[in-house]
Amino acid sequence: MNDALRNPAVIRSISLGLILLFWIVAAGLTGDATILPQPWTLLEPFARAVGSGALPYHLGMTLFRVICAFVPAMLIGAAIGFLMGRFPSVDRWLDPWLVVFLNLPALVLIVLCYLWIGLNETAAILAVVLNKIPNVATLVREGARALDPDLDAMAKVYPMSVFTRLRHVVMPQLAPFVAGAARSGIAVIWKIVLVVEFLGRSSGIGFQIHFYFQLFDVTMVLVYALTFIAVMLVVEALLLQPAERHVRRWRTA
């Protein structure tokens with residue numbers, strides 16, 4: 001029994017079960033399905049939305065936008081963070097920019113992108129990318145600052161090419177910070193994508209939440225929101241967490 005309780009999968013299942021129990025109790029105390037329906041009452045509208053094709057379509061559109069924003073945000077943010085962490089002069093020049101964008105509300109960037117570029121996919125994805133780059137850069141910068149100087153000195157002694165040095169010396173040390181930025185990034189990005197869709201798109205989970213919000217349909221808002229949360233939990237469990245454990249394994253070896 002004690003061994004089972006140490007299993008991360010068991011702990012996660014129990015934790016999610018407690019959330020479900022809290023929902024059931026809260027819905028029972030509310031006693032009004034128009035405010036908070038019981039979990040099992042979502043099954044029929046969920047099946048209907050899946051059967052009609054609406055849910056898979058809008059879910060796919062949101063996932064597409066998440067991927068399109070996540071990849072450039074990670075690449076650009078990691079590059080900026082690495083340069084800032086390794087070169088103090090770059091850090092001094094770019095730090096004010098980083099502070100400004102870190103404190104600029106996501107809603108402001110979204111609205112400005114829509115006003116400047118138009119209500120299109122380019123503006124939607126660019127708004128998400130601009131919101132996430134500063135967070136990635138901040139985490140990777142700290143990782144670049146924490147690189148072991150002894151390993152750096154060793155790399156200079158041996159005739160390593162730039163690629164070999166990055167692959168065998170820099171990236172193993174930097175990888176945990178990149179993995180951490182990816183895990184936090186995917187959570188932040190999909191939330192911003194929903195806001196982008198809520199404000200100016202005609203497809204996606206955010207658009208559907210906006211539509212059912214106007215109808216005061218709590219059940220369908222929960223169906224769409226929880227479906228995407230479930231997908232993100234699966235991505236977290238099957239991709240992001242294993243990847244993070246993989247890149248951290250050398251530290252505990």
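An unreviewed UniProt entry lists the protein under the name ABC transporter permease, with Rhizobium puerariae as the source organism. Quoted straight from UniProt, the Subcellular location (unreviewed entry) entry for the protein says "Cell membrane".

S.K.: Quick one: what's the story with the packing of aromatic side chains, residue by residue and with numbers?
M.R.: For the structure on display, the rule yields five aromatic pairs. When the ring of W190 is compared with that of F228, the centres are 4.9 Å apart and the planes differ by 55°; the resulting orientation is tilted. Of the two residues, W190 is situated in helix α9 (residues 162-200) and F228 in helix α11 (residues 218-252); the sequence distance between them amounts to 38 residues. Residues W190 and F228 agree in their burial class; the two are buried. Measuring from centroid to centroid gives 5.0 Å for F211 and Y212, while their planes differ by 80°, and the two rings are edge-to-face. According to the relative accessible area criterion, F211 is partly exposed, its value standing at 34%. Among the aromatic side chains, those forming a connected cluster through ring pairs are F198, F213 and F216.

S.K.: Could you give an account of the packing of helix α4 (residues 54-86) against helix α7 (residues 121-145), naming the residues involved and the relevant values?
M.R.: Helix-helix packing is described using two parameters, namely the angle between the two axes and the distance between the axes. As a packed pair, α4 and α7 sit with axes 6 Å apart at the nearest point and diverge in direction by 35°. Considering only the axes of α4 and α7, their crossing is right-handed. Here the contact of α4 with α7 is built from residues that sort into 19 nonpolar, three polar and six charged.

S.K.: Quick one: what's the story with the UniProt feature "transmembrane region" (unreviewed entry) in the protein, residue by residue and with numbers?
M.R.: When the UniProt feature table is mapped onto this chain, "transmembrane region" (unreviewed entry) is found at residues 9-29, 63-85, 97-117 and 211-235. With 100% helix and 0% strand, the stretch residues 63-85 has end C-alpha atoms that lie 32 Å from each other. Taken end to end, residues 97-117 is 90% helix and 0% strand, and its two terminal C-alpha atoms sit 22 Å from one another.

Parameters at a glance
- Residues numbered from 1 in each chain as written.
- Predicted model: local features only at pLDDT ≥ 70, side-chain atom pairs only at ≥ 80, totals over all residues.
- Heavy atoms only, no water.
- UniProt positions renumbered as here; feature names shortened; annotations may be inferred.
- Phe/Tyr/Trp six-rings, centres within 6.5 Å; stacked < 30°, edge-to-face > 60°.
- Helix = DSSP H or I, 4+ residues; strand = E, 2+ residues; numbered from the N terminus.
- Buried < 20%, exposed > 50% of the residue type's maximum accessible area, 1.4 Å probe, protein only.
- Axes fitted to C-alpha atoms, helices over the stretch in contact; angles between N-to-C directions.
- Left-handed = near helix turned anticlockwise from the far one by under 90°.
- Nonpolar A, V, L, I, M, F, W, Y, C, P; charged D, E, K, R; others polar.

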